[in-house]
Amino acid sequence: MAGRNRLPKGGRVDRSKPVSIVFNGRTLAGFAGDTVASLLIAHDIHFVGRSFKYHRPRGFLSHGSDEPNALLSVDRGPGKIDPNNRATVAEARDGLVTHSQNHWPSLEFDIGAINDVLSPVFVAGFYYKTFMWPRRFWDSVYEPKIRAAAGLGRAPDAPDADRYANRHAHCDVLVVGAGPAGLAAALAGSETGKRVFLADEQAEMGGTLLHDLTSAIDGKPAQAWVAEALAELRSRGNVTLLPRSTAFGYYNHNHIALAERLTDHLDNAPAHLPRERLWQVRAGEVVLATGAHERPLVFADNDRPGILLAESVRVFVNRYAVAPGRKVVFVTNGASAYAAALDAAAAGIDVTLVDVRPEGDCGPELAALRAKGATVLTGHTVLAAAGTRRVTGLAVAPLSPAGKIGTRKTLAADCVGMSGGWTPSVHLFSQSRGKLRFDPALDAFVPDQAVQAQRSAGAANGRYDLGEILSEGFAAGSAAAGGDASRAFTATPTPTGFSPVRVLPTDADPARVKAFIDFQNDVTAKDIHLAVREGFESVEHVKRYTTTGMATDQGKSSNMNALGLVAGILEKPLPAVGTTTFRPPYTPVTFGTLIGPSRGPLFDPARKTPVHGWAEEQGARFEDVGLWKRAWYFPRGDEDLHEAVARECAAVRQHVGIFDATTLGKIEIVGPDAAEFMNRIYVNGWLKLEPGRCRYGLMLKEDGYILDDGVVARLAVDRFHVTTTTGGAPRVLAHMEDYLQTEWPELNVFLTSTTEQFAVIAVQGPKARELIAPLVTGIDLANDAFPHMAVRTGFICGVPTRLFRVSFTGELGFEINVPADYGRAVWEAIFARGGAFGLTPYGTETMHVLRAERGFVIIGQETDGTVTPDDLGLGGMIARAKPDFVGKRSLARPDLEAPGRKQLVGILTDDPTLVLDEGAQIVADRDQPIPIHALGHVTSSYWSPACDRSIALALVEGGRERIGSEIFVTTPSSFTKATVTAPAFFDAAGERVHA
Amino acid sequence: MLLIPCPYCGDRPEIEFRGGGEAHIARPSDPQTIDDQAWAEFLFYRTNPKGLMAERWNHAHGCQRWFNALRDTVSDRILESYKMGEKPIGGGRA
Amino acid sequence: MLETVNRVTRATALAATASAGTPEIAPLPDAARFALRLRPALASEMGAVAGFPLDLAINSASSGPRRSIRLGPDEWLLIGDAAEAEAIAAEIAQAFGERFHALVEISHRNVGIAVRGAHAADVLNAGCPLDLAAAAFPTGFATRTLLGKAEIVLIREDDAPTYRVECWRSFAPYVHGFLLEAARDFDGAQT
Ligand SMILES: [Zn+2]
């Protein structure tokens, strides 16, 4: 019931807590503490997926996060389907539903497996070669086929139902990896009260010690030592333990990103807990104790299910108490696999070991294993694996010192444990921009020069002996905490050392066998040979051409084999070939974790004005303007946009409209030098503007192009109330602050944003004055007392107001500024009086039409960062007598004075019912040869109720000289004829505002 | 994400700041008197060095002050920061 | 300078009540707020104005009914009783006289939210990138910073701990929602 390969005793699984999971519809029993992989192995299931390119049957290669093959889809319920979970990482919990991937119609019978037979087509760079011709096949055949075949697993189609969290954190010392080096580092680092974080990607801390049954540390069994170390760390208030937390990104200035998995392993996860949490840790010092990865051996069909890494066999046996096979052949070129073989034999498994090294090169581990009665063949090579869906044996042969291959024989096996040596996990070190150094004795790249406040320790640093690992970890932890403590640990010596071999010697035709280097991307030794033969010599090129190391496992198991093979073929020393660059993430991270709470209403702040709720109640449609939600139009009944806007426009022109202008940026400029500051920032002159008056201001960037515009009121000699465009508010304030602080610090003036202090209610139309008059106190609204472009302070509805007489519609109008919390009440008081005046609320679309009828520009619509005041016909606003202002000098740049610049004009189509597309191109002659020269483009285009026809604004080369002439404008299907006009279509003299 | 030493607030994360490009490019005191080439150099030409660079930063979501910092563009190490109008001491902070 | 009788009533941006959980997340009552700007030398010379201390270290806050928070070398955020806005403005204007300063009322620009009790720092750290440990951010510390995608002013008021979060009006629903969402991590947590 617990599976026929479950060992009767031992392991760290909790036999008192049975769990069952579902794999491809089969319910399988296991124990708490199992991974999905160990649980499946308990039931003798190795064939769990098909490979990416050839659809070959695949099983588990490893026991951890470096697993390239065993990717399963996990189903935890609606909205919680997640593909590509590594079975060796996913923890088994009761009721977990899993599926294998990359096959159709079933795992056992898969149509795509034909790719394995067709593999000559799928050689390195096949997609560069195969799909090149015929050209027309690309759209119709190749691309759809590639898209269908691309990717592993199936993307979920429902919104993610889980919560994800984010946490910024700070510590003095961050230790990554809780194996022997990391535990020792955390112990040493936390002795003096420094804040220490210890993070490990696994559910349980202890690293390799969790499956080490034979080593002792300071006289205690390794696992007892781990328990004591963790108890000690837990008792220290300055230590934070983060299990199930993968440090996946190492960024600038010791900023490290960790993904913590909180609930996937829980049978009944509390609803309030996030599934995963992104930790953004800023660490004073970092200790990288990330361990090492075992390398596969490269031989024909080394990817058959049942062929694992040797240490992984040991982990499954010792830590999870499952036998990956009953008859296991270990193949190795070094010492560590002997420990695995000894442990397997001790668990009652039939063990044979094949060592590529000649007998004389082997260490004491050889005698130790033979003493247990196991067969050891030294000086042998593996020619091929037998079996398809499960390994059934290994063809081996003696290898003479001269490299001659002797007579082959087959060793029966239902599991193979292979070890090609070890690679320090330098991914995070490399991400931190640390420099690597090739160590020939280790046949590996190890950390050399750290660039950040950081040190590596243990296997990550190329130390493989347990005692050395512990001492190095301890010293690193102490140093990271600012100390210099050291400690010698008494530990059982670790058998170490291996003789690198890139591809196991074989007598087979290398072009006819598949000996895998990169299991996840299906890259074989043959592919690497081909790439080098075709001239790819840089490892970065070989990598991209063959895709080796480019899968989601980032080549953890394959990189050194690929590098070594390239170096061997080129007959160069390995460091001369170089190594590839490691980039975040170390292991795949869910989008949920990266996004955290930033979804739904928390995706972005939705900025709403005080009047927003009222507009919502009136059924307004809204549009996004930056982060603001602005009322776009107020449909009545079943009106569409066009009908509503026509009605709103007419109401403003004939009666009166009310508009929420709160989002306009506002800046209060205060100080004795306020006018001088304004003079330097704007193109206009400000010294003579009297308090109580307003002026339309235009400001440039230093390059002479328009930055922003807006009405400015002078409230007092030393106080201006500046308005900006809605989107430009932060930009304008930043621009002003920059000049004030860095160029003119001597000016006695300060700037304060008041955008949100005021609600702004625009009341526009012939009846505006009558409408608001009874509500206003302390201000004489009479035309001569309060003319157009004046500002007054007083009260409306009893609350203080800064009342502007301004107009962006071309009608008599007021903009009522009141403290924001009174905005809605004042709005409603005005609206309550409105019935008798035909008062109509209008939105941004109507505002756009009304201003376009008058030819008023909108910054960002008529301008795009390359438009000067003169281009818009606003050159007259420039106070040229001023000695200087921002952008003045640039207006004299040759390009800005050159003839033929695009200028703002009006466009009237011959067909008055045709409303042009904004962005449509304008040409002089539709029949000129291609490429047709574009004179410019339409910037604004509307149906104008006041003109009873379509109108448009455009930027056109030499536009003002073209007024009266015919041009052509693109339409979705063709061109249409139109006439260039002055950019004003209604009340061109601007008389109505003075009513 | 960089950790930037604001001369007023101390070390703060990069997202609180806005970068302002190369520092110590003085705006000409009388722009109208200089020729097009000199003006173009002020507007557009930057040294983009590999190595030590003085650059402008604004602690936008903090004290909102502008200041300068010396950063090594290769390692991203920030050697020192100093207030507007001050000069770097050059040795870098410990 | 409100007229004797306000004919309309004030409506705050955040019509929410305090949350029941730990930490508590509570919208704060209306307040009088001003942005006060002046040269640092004048601040040292004056020491205080209208009961608002000025000679504070940058990034620190005073306590009491009239509180000042020094956000930069020449910037103070003043917070007082909502009913006193007019009086505060008048007192400050009188105290400075002709001496250069800029006083701008921002009572309605900002919204205050208290975050109080166990895990308050963890909840804030869901979106605030600063080190909020007592050693780095003690009671009396205050600064402008970020919470997720919103700019805030963060003040540590006491050792409960209580933090006061000030944000602009239109960001208040986002900031409040962000804090509530982050606090869900601690639903049912033993405190
Ligand atoms: Zn600062």
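Residues numbered from 1 in each chain as written. Chains lettered and ligands numbered in written order. Predicted model: local features only at pLDDT ≥ 70, side-chain atom pairs only at ≥ 80, totals over all residues. Heavy atoms only, no water.

What to know about the coordination of the zinc ion
Link 1 in the chain: Those protein atoms acting as donors to the zinc ion are Cys6(B) (SG), Cys9(B) (SG), His59(B) (ND1) and Cys63(B) (SG), and they sit at 2.0 to 2.4 Å.
Link 2 in the chain: Each of the four donor atoms bound to the zinc ion contributes to angles spanning 104 to 115°, and the resulting shape is tetrahedral. (Donors = N, O, S within 2.8 Å, 3.2 Å for Na, K, Ca; no water. Tetrahedral: all angles 85-135°; square planar, octahedral: opposite > 155°, others 65-115°.)

Side note on the UniProt feature "domain: FAD/NAD(P)-binding" (unreviewed entry) in chain A
Link 1 in the chain: Mapped onto this numbering, the UniProt entry annotates "domain: FAD/NAD(P)-binding" (unreviewed entry) at residues 172-432 of chain A.
Link 2 in the chain: End C-alpha atoms of residues 172-432 of chain A are separated by 17 Å, and the span's content is 21% helix alongside 35% strand. (UniProt positions renumbered as here; feature names shortened; annotations may be inferred. Helix = DSSP H or I, 4+ residues; strand = E, 2+ residues; numbered from the N terminus.)

A few points about the pattern of salt bridges
Side chains bearing opposite charge may pair, as long as their charged atoms lie close to each other.
Link 1 in the chain: Throughout the structure, instances matching the rule amount to 82 salt bridges over all chains.
Link 2 in the chain: Among the ionic pairs, Arg502(A) bridges to Asp443(A), the shortest N-O distance being 2.8 Å. One end of the pair, Arg502(A), is in the loop between α11 (466-480) and β29 (516-518); the other, Asp443(A), is in the loop between β26 (436-439) and β27 (444-447), and 59 residues separate them in sequence.
Link 3 in the chain: What makes Asp443(A) buried here is its relative accessible area of 5%.
Link 4 in the chain: Note that Glu157(C) is salt-bridged to Arg67(C), the shortest N-O span being 2.4 Å. (Salt bridge = Lys/Arg side-chain N within 4 Å of Asp/Glu carboxyl O. Buried < 20%, exposed > 50% of the residue type's maximum accessible area, 1.4 Å probe, protein only.)

Details of a nonpolar patch on the surface
Link 1 in the chain: On the surface, Trp104(A), Phe109(A) and Ile111(A) cluster together into a nonpolar patch covering about 400 Å² of accessible area.
Link 2 in the chain: Looking at the secondary structure, you find Ile111(A) in the loop between β7 (97-99) and α2 (114-117). (Patch = residues over 30% accessible without salt bridge, like charges linked within 9 Å, V, L, I, M, F, W, Y side chains within 5 Å. Areas by Shrake-Rupley, 256 points an atom, 1.4 Å probe, with all protein chains shown as cover.)

Structural notes on the interface of chain C and chain B
Link 1 in the chain: Contact with chain C, which involves 16 residues of that partner, is made by twelve residues of chain B.
Link 2 in the chain: Around 1100 Å² of area is buried between chain C and chain B when both sides are counted, 52% of it from carbon and sulfur atoms.
Link 3 in the chain: For chain C, the biggest contributors to the area lost against chain B are Pro73(C), Arg144(C) and Leu146(C); these three give 37% of the whole.
Link 4 in the chain: The residue Asp74(C) makes a salt bridge to Arg65(B) at a minimum N-O spacing of 3.5 Å.
Link 5 in the chain: Taken together, the links from chain C to chain B amount to seven residue pairs in polar contact (both at pLDDT 80 or more).
Link 6 in the chain: Mapped by element, the contributors of at least two residues to the side of chain C that touches chain B are β6 (67-72) and β10 (142-147) of chain C.
Link 7 in the chain: Considering every element that reaches the side of chain C that touches chain B, the biggest residue donor is β10(C), with four residues. (Contact = heavy atoms within 4.5 Å. Buried area = accessible area lost by both parts, 1.4 Å probe. Polar contact = N/O pair within 3.5 Å; in protein donor to acceptor, adjacent residues only side chain to side chain.)

Focus on the UniProt feature "domain: Aminomethyltransferase C-terminal" (unreviewed entry) in chain A
Link 1 in the chain: Residues given the UniProt feature "domain: Aminomethyltransferase C-terminal" (unreviewed entry) here are residues 902-987 of chain A.
Link 2 in the chain: Annotation note: span residues 902-987 of chain A, helix share 0%, strand share 50%, distance between end C-alpha atoms 25 Å.

Looking at helix α6 (residues 222-235) of chain A
Residues and elements named next belong to chain A.
Link 1 in the chain: In a regular helix each residue adds 1.5 Å, so 14 residues correspond to 20 Å; α6 covers 20 Å between its end C-alpha atoms and thus fits that length.
Link 2 in the chain: Looking only at α6, the buried set comprises Ala222, Trp225, Val226, Ala229, Leu230 and Leu233. Along α6, the residues classed as buried sweep out an arc of 130° about the axis, all on the same side. In this structure, α6 carries Arg234 and Ser235 as exposed residues pointing more than 90 degrees from its buried face. (Expected span 1.5 Å × (residues − 1). Arc of directions from axis to C-beta.)

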